[in-house]
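Chain and residue survey
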Amino acid sequence: MKPWYQMSKDEIFEKLGVNTEGLSSQKAKELLEKNGENVLKEGKKKTVLQVFLSQFADLLVIILIVAAVISLISGNVESTIVIFAVIILNAILGTAQHIKAEKSLESLKSLSSPNAKVIRDGVKIEIPSKYVVEGDIVVLEAGDLVVADGRIINNYSLQVNESSLTGESTNVDKSEDIIDGEVPLADRSNMVFSGSLVTYGRALVAVTGTGMNTEIGKIASLMNAAKEKKTPLQKSLDSFSKKLAIIIMAICVLVFGLSMFNGFRGVENPDVMKIVMDSLLFAVALAVAAIPEALSSIVTIVQAMGTQKMAKENAVIKDLKAVESLGCVSVICSDKTGTLTQNKMTVQRLYVNGKKIHEEELNLADVNHKLLLYNMVLNNDSSIVDGTGIGDPTEYALLETYRKVGLNENALRTQFKRLEEVPFDSDRKMMSTKFIIDGKTVVLTKGALDVILDRTVKIATENGVRDITEEDKTAILERNRKFSENGLRVLTFAFKNTDEPLTVDTEKDFTFLGLVSMIDPPREESKQAVADAIRAGIKPVMITGDHKITATAIAKQIGIFRDGDISVTGMELDAMTDEELDATIEKISVYARVSPENKIRIVEAWQRKGNIVSMTGDGVNDAPALKKADIGVAMGITGTEVSKDAASMILQDDNFATIIKAVANGRNVYRNIRNSILFLLSGNMAGTLAVLYCSIMGLPAPFAAVHLLFINLLTDSLPAISIGMEPAAGDLLSQKPRDPNKGILTKDFAGLMLGQGALIAIVTLIAFYLGNPAENPALASTLAFATLTLSRLFHGFNCRSNHSIFKIGLLSNMYSIGAFLVGTLLLVIVLFVPAIQTWFEVAPINQEQFGLIWLLAFIPTFIIQLIKGIIDLVNRKKRVK
């Protein structure tokens with residue numbers, strides 16, 4: 001069999017059993033069942049057993065295993081079993097979390113996987129790329145990701161970036177011509193390959209290979225490269241945990257030495273083995289008390305819950321780092337169309353024959369009205385299927401106007417076949433196509449007024465076609481200005497009769513036909529979202545390809561453009577030096593007629609001032625700016641696959657208000673993580689201080705290792721997770737953006753951690769002393785353990801917010817109530833169920849002692865809440881003044 005690139009169109013159609021009408025839906029279904037989905041096979045993954053065993057390759061777990069072995073040697077079998085049970089439970093949870101993360105990643109891949117435009121049953125439809133089959137006729141346009149290998153059938157100036165396959169960064173011009181002889185992959189100019197990017201033009205392609213039968217499938221493609229990375233927060237916490245472990249190990253050695261010294265002091269015939277074992281258990285207890293075993297898992301869980309909440313609110317986070325960065329965003333550069341507006345263009349007024357008319361006044365009996373309508377439909381790549389527009393919103397708004405006249409665009413397109421075309425691109429800002437209409441070869445053109453008017457030599461009037469004059473141009477520009485001042489988007493239409501080939505170079509000498517004005521009204525929620533952004537200390541900036549006047553009119557309506565602000569065009573921006581831009585950038589609220597290079601320059605200018613910048617985009621040319629921005633935001637509906645690939649967040653509804661919600665969520669996630677960490681570390685500090693105090697004072701160990709494991713891994717985890725689920729406070733968007741260089745472990749944070757930990761340690765030691773450790777160390781240890789556990793459960797309410805519980809509401813987070821009740825229930829079971837008492841090394845206690853535990857445990861929370869209440873009261877009085 002000849003290679004695909006050596007075959008003619010007829011040979012290809014015969015081989016694939018297809019024609020230009022595409023496959024039938026039934027045939028496509030059969031091929032999908034036969035050959036499978038158009039996906040790349042995953043690389044070899046770890047088995048569940050391998051994941052489970054990897055949970056034990058951790059310094060902390062090794063310390064716990066050592067503790068279990070020491071307990072076993074010392075004859076404490078129950079403690080050994082409990083420690084191993086906890087280790088295995090932790091490994092099971094870690095394995096479950098890994099499996100869940102993989103499923104979440106798969107879900108995320110499916111959310112951001114590309115779609116493909118194919119022709120089936122003669123109709124262009126959009127389907128998920130995995131359903132593309134061999135023989136499908138795929139429509140490729142600028143901005144698309146090529147989803148399968150294919151042979152080009154019809155080519156319209158197609159250019160493709162194949163760097164993912166060939167390593168060549170320059171774009172490749174494509175052709176539909178047959179290639180003779182054997183040629184290497186990079187020279188197969190009539191083929192397109194999966195994983196490459198369409199950067200220019202348009203083409204019809206017959207799919208010749210899918211899934212693993214593509215070129216990229218043969219070289220273990222880039223599509224499997226999506227890997228989870230640890231966020232900066234996780235890295236800093238891992239680093240902190242390692243440093244903490246080293247410090248604690250050093251202190252453990254010191255405590256071991258002190259315990260040995262106290263054990264031998266004043267004893268004539270010491271039991272060496274018992275003293276060594278007791279000292280080791282003391283040291284291990286300190287290690288277990290100090291290291292926050294659940295910290296990494298809690299942070300991951302809180303982040304995962306945050307991203308899930310964002311996904312429900314139409315913000316899909318591709319990169320977990322974006323969750324942290326969102327809380328720091330201080331500038332949002334947003335597209336206008338579709339993001340701040342409804343992305344639902346509606347034709348408002350037309351300008352034809354020198355007159356302003358409504359669309360209802362269009363009349364096919366008028367030759368210029370008729371040619372304008374033909375231009376609106378034929379020089380148009382969009383379509384309407386089952387009432388839904390496919391393609392550019394501006395284009396299918398033109399089709400809707402044609403339908404309002406009572407006509408059907410499909411009939412017109414069947415009557416007049418497109419002969420040649422030069423597709424639209426952001427550099428030329430125009431589109432041209434060639435047809436034979438009423439026996440004449442006609443080039444129809446539409447685009448931006450400033451571009452087309454410069455290429456216009458004649459004008460169509462009620463009295464026929466004549467040379468265009470400066471007065472005509474002035475009248476056209478004045479009408480365009482009036483349309484634009486009202487926030488209307490204006491498209492210019494022109495034509496020319498010619499037999500010359502249609503190329504970029506022959507797009508000139510046109511006859512002006514008319515103007516069509518459209519409006520894309522602001523979204524109802526945009527004005528409030530902009531106000532929320534400003535209140536949150538975020539500078540909203542509009543960036544658009546529209547005219548300066550149009551953009552400013554919309555920006556004023558929604559509050560982006562305020563008194564004292566200025567708007568600039570891309571050309572004006574190009575004329576500025578970096579110094580001039582830096583001096584004025586804070587006053588610039590609107591950028592109009594910008595290029596991709598302009599966007600990168602705007603981002604860099606804001607970043608030079610120390611800002612964290614979010615940039616939205618939907619086109620191929622936006623990808624560099626999206627990558628350059630701290631938070632690249634792609635549009636889920638109108639965005640190209642290239643822009644989605646470059647972004648760290650995808651808006652499923654293309655809505656500016658969703659970005660503001662995501663910022664609020666990002667701030668809330670960070671705040672909740674910080675509060676969870678404060679809860680865990682202050683609680684651990686309490687245990688550490690208590691153990692250290694007893695060691696220095698020569699007292700028995702206040703806790704068994706199993707006590708601290710119970711607290712750290714069971715009763716602490718639930719409140720920490722519930723703190724991570726704290727709803728967003730109303731004042732989150734009233735605060736200024738967080739400094740990205742400011743870590744979690746600040747002086748203020750350390751002060752809170754030590755202060756709150758010391759309060760809990762004090763009541764724990766009081767309980768220990770009341771248990772009489774000299775005569776009844778088991779009872780003293782039990783009272784200390786129970787007081788520490790209950791104190792930390794109460795402490796969960798303190799760490800929910802910086803405000804008092806009375807201000808935020810006790811019942812505003814029912815998860816915290818549930819965590820407290822479950823933790824208390826577990827403690828009661830350990831204290832009062834005889835079989836469990838033995839396992840957890842607790843002594844029986846009476847009702848008075850149980851009441852004492854509650855009283856002591858509540859004291860730290862009472863003091864902390866009292867201080868917070870006073871601070872809230874003082875702040876409220878300051879605000880009133």
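The structure reproduced in this document is the subject of the present report. Residue indices follow the written sequence of each chain, beginning from 1 at its first position. Residue-level local features of this predicted model are given only where pLDDT is at least 70; pairs of side-chain atoms are given and counted only at 80 or more, and the full residue set underlies all totals for whole chains, interfaces and linings. As a convention, hydrogens and water are excluded, and side-chain values are obtained from all of the structure's heavy atoms.

A closer look at the overall build of the chain
Put simply, the rule is: Runs of E in the DSSP output that reach at least two residues are strands. Runs of H or I that reach at least four are helices, and both are numbered from the N terminus. A 1.4 Å probe rolled over the protein chains alone gives each residue an accessible area, and that area as a share of the maximum for its type sets the label: buried under 20%, exposed over 50%, partly exposed in between. By definition, residues are in contact when any of their heavy atoms lie within 4.5 Å. Values of accessible area rely on a 1.4 Å probe in the Shrake-Rupley scheme; residue burial ignores everything except the protein chains shown.
A count of helical and extended segments in the chain gives 32 helices and 26 strands. Per-residue burial for the chain yields a buried fraction of 53% across its 881 residues. Within the chain, residue pairs in contact and separated by at least 24 positions form 71% of the contacts whose partners lie at least 6 positions apart. Taken as a whole, the chain presents about 39000 Å² of accessible surface, with 58% of it coming from carbon and sulfur.

Considering the packing of aromatic side chains
The test is simple: Pairing of aromatic rings covers Phe, Tyr and the six-membered ring of Trp, with a centre-to-centre limit of 6.5 Å; geometry is then stacked below 30 degrees between planes, edge-to-face above 60, and tilted otherwise. Geometrically, a lysine NZ or arginine CZ counts as sitting over a ring once it is within 6 Å of the ring centre and also within 35 degrees of the ring normal.
Tallied over the full model, the rule gives ten aromatic pairs. Between Phe794 and Phe858, the aromatic rings sit 5.4 Å apart at their centres with planes inclined by 70 degrees, giving edge-to-face as the arrangement. Taken together, the positions of Phe794 in helix 28 (residues 777-798) and Phe858 in helix 32 (residues 847-880) put the pair 64 residues apart, joining distant regions of the chain. For Phe794, a relative accessible area of 10% puts it in the buried group. Both rings, one in Phe858 and one in Phe862, keep their centres 6.3 Å apart while their planes meet at 45 degrees; by these two values the pair is tilted. Within this pair, Phe858 and its partner Phe862 are both found in helix 32, separated by four residues, close to a single helical turn. The cationic tip of Arg479 hangs over the ring face of Phe483; the distance from NZ or CZ to the ring centre is 5.3 Å. Its end group placed over the ring of Phe510, Lys496 keeps NZ or CZ at 5.5 Å from the ring centre.

Here we look at the pairing of strand 25 (residues 631-635)
The criterion, for reference: Note on pairing: DSSP must find at least two bridges between two strands before they are called paired.
Most of strand 25 sits out of view: five of its five residues are buried. Burial of the side chains of strand 25 extends over both faces: Ile631, Val633 and Met635 are buried on one face and Gly632 and Ala634 on the other. As judged from the three bridges shared by strand 25 and strand 26 (residues 649-651), these two strands associate in the parallel manner. Its bridge partner being in strand 26, Val633 is matched across the sheet by Met649.

Brief notes about the side chain of Thr658
By the element assignment, Thr658 lies in helix 24 (residues 656-697). With near-sequence residues (within four places) excluded, Thr658 lies in contact with Glu313, Asn314, Ala315, Leu651 and Asp653.

Topic: the nonpolar core
Selection criterion: Note on terminology: a nonpolar core comprises buried Ala, Val, Leu, Ile, Met, Phe, Trp, Tyr and Cys residues joined through side-chain atoms within 4.5 Å.
The biggest cluster of nonpolar side chains holds 54 residues, and the ones touching the most others in it are Leu326, Met542, Met649 and Phe656. For this core, the element with the highest residue contribution is helix 24, accounting for 15 residues. If we ignore the near neighbours within four places in the chain, the residues touching Phe656 are Ile332, Ser334, Thr339, Leu340, Ala529, Val530 and Pro540. Membership of the second largest hydrophobic core comes to 48 residues, among which are Cys252, Leu699, Leu793 and Leu827.

Some thoughts on the packing of helix 26 (residues 717-724) against helix 30 (residues 814-832)
Here is the rule we go by: For helices, the axis comes from a line fit to the C-alpha atoms of the stretch in contact; other axes are also lines fit to C-alpha atoms, and the angle between any two N-to-C directions lies between 0 and 180 degrees. Angle categories are assigned with fixed cut-offs, so that under 35 degrees is roughly parallel, over 145 is roughly antiparallel, 65 to 115 is roughly perpendicular, and the rest are oblique. Under the convention adopted here, Pro, Cys and the residues Ala, Val, Leu, Ile, Met, Phe, Trp and Tyr are nonpolar, Asp, Glu, Lys and Arg are charged, and Gly plus all remaining residues are polar.
Relative to each other, helix 26 and helix 30 sit at 180 degrees, their axes nearing to 8 Å. The orientation of helix 26 with respect to helix 30, classified from their angle, is roughly antiparallel. Seen from helix 26, the contacting residues are Leu718, Pro719 and Ser722; seen from helix 30, they are Tyr815, Ser816, Ala819 and Val822. Split by residue class, the contact of helix 26 with helix 30 holds five nonpolar, two polar and no charged.

So, helix 26
Among the eight residues of helix 26, six are classified as buried, and the element is accordingly described as predominantly covered. By the burial criterion, the buried members of helix 26 are Ser717, Pro719, Ala720, Ser722, Ile723 and Gly724.

Some thoughts on helix 17 (residues 526-535)
Keep this limit in mind: Here the arc refers to the set of directions running from the helix axis out to each C-beta atom.
Every buried residue of helix 17 is accounted for by Ser526, Ala529, Val530, Asp532 and Ala533. On an axial view of helix 17, the arc spanned by its buried residues comes to 160 degrees, and they lie on one face. Projecting away from the buried face of helix 17 at angles above 90 degrees are the exposed residues Lys527 and Gln528. For helix 17, the secondary structure elements touched by its buried residues are strand 21 (539-544), helix 18 (548-558) and helix 24. At the exit of helix 17 stands Gly537, carrying a positive phi of roughly 80 degrees.

Structural notes on the sheet that holds strand 21
Whenever strands of a sheet pair, they do so through backbone hydrogen bonds, lying parallel or antiparallel. Strand order in the open sheet made by the eight strands is 8-26-25-24-9-21-23-22, with mixed pairing throughout. Every interior strand has two partners, whereas the edge strands, strand 8 (315-317) and strand 22 (566-569), have only one. Averaged over neighbouring strand pairs, the angle between their axes works out to 20 degrees when direction is ignored. Taken together, the five bridges between strand 9 (residues 331-335) and strand 21 define a ladder with parallel strand orientation. Bridge assignment links Asp335 to a residue of strand 21, and that residue is Ile543.

What to know about the environment of Leu140
Within the secondary structure, Leu140 sits in strand 3 (residues 137-141). Using a relative accessible area of 3% as the deciding quantity, one classes Leu140 as buried. On a C-alpha basis, the gap between Leu140 and Leu158 in space is 8.6 Å, while along the polypeptide they are 18 residues apart. Beyond its immediate chain neighbours, meaning those up to four positions away, Leu140 contacts Val146, Val192, Val198, Gly201, Arg202, Ala203 and Val205.

Digging into the side chain of Lys473
For the record, the criterion: Only four residue types enter the charge count: Lys and Arg as positive, Asp and Glu as negative, with His and the chain ends excluded. Each salt bridge in this description consists of a side-chain nitrogen of Lys or Arg and a carboxyl oxygen of Asp or Glu lying within 4 Å of one another.
Of note, Lys473 is situated in helix 16 (residues 470-485). Glu470 provides the closest opposite charge to the buried, salt-bridge-free Lys473, at an N-O distance of 4.4 Å. For Lys473, the contacting residues outside a window of four places in its chain are Leu453, Thr456 and Ile468.

Some points on the pairing of strand 10 (residues 346-352)
As judged from the six bridges shared by strand 10 and strand 20 (residues 510-519), these two strands associate in the antiparallel manner. Of the residues in strand 20, the one forming a bridge with Val347 is Met518. Summarising the sheet, strand 10 and strand 11 (residues 355-358) pair through four bridges and their orientation is antiparallel. Among the inter-strand pairings, Val352 is bridged to a residue of strand 11, identified as Lys355. Hairpin geometry of strand 10 and strand 11 is characterised by an intervening segment of two residues between the two adjacent antiparallel strands and by a positive phi of about 60 degrees at Asn353.

Some thoughts on unusual backbone geometry
The phi angle of most residues is negative, glycine excepted, and most peptide bonds adopt the trans form. You will see that Asp509, though not glycine, has its phi angle at about 60 degrees, which is positive. Even without being a glycine, Arg593 presents a positive backbone phi close to 55 degrees. Position of Arg593 relative to the elements: it lies in the loop between strand 23 (588-592) and helix 21 (596-608).

Describing a nonpolar patch on the surface
Spelled out, the test is: Nonpolar side chains (Val, Leu, Ile, Met, Phe, Trp, Tyr) are joined into patches within 5 Å and like charges within 9 Å, using only residues with over 30% relative accessible area and no salt bridge.
A cluster of nonpolar side chains, Val69, Ile73, Phe84, Ile88 and Ile92, forms an exposed patch at the surface whose accessible area comes to about 420 Å². Contributing elements (two or more residues each) for the nonpolar patch: helix 4 (59-73) and helix 5 (77-111). The biggest single contributor to the nonpolar patch is helix 5, with three residues. Of note, Ile88 is situated in helix 5.

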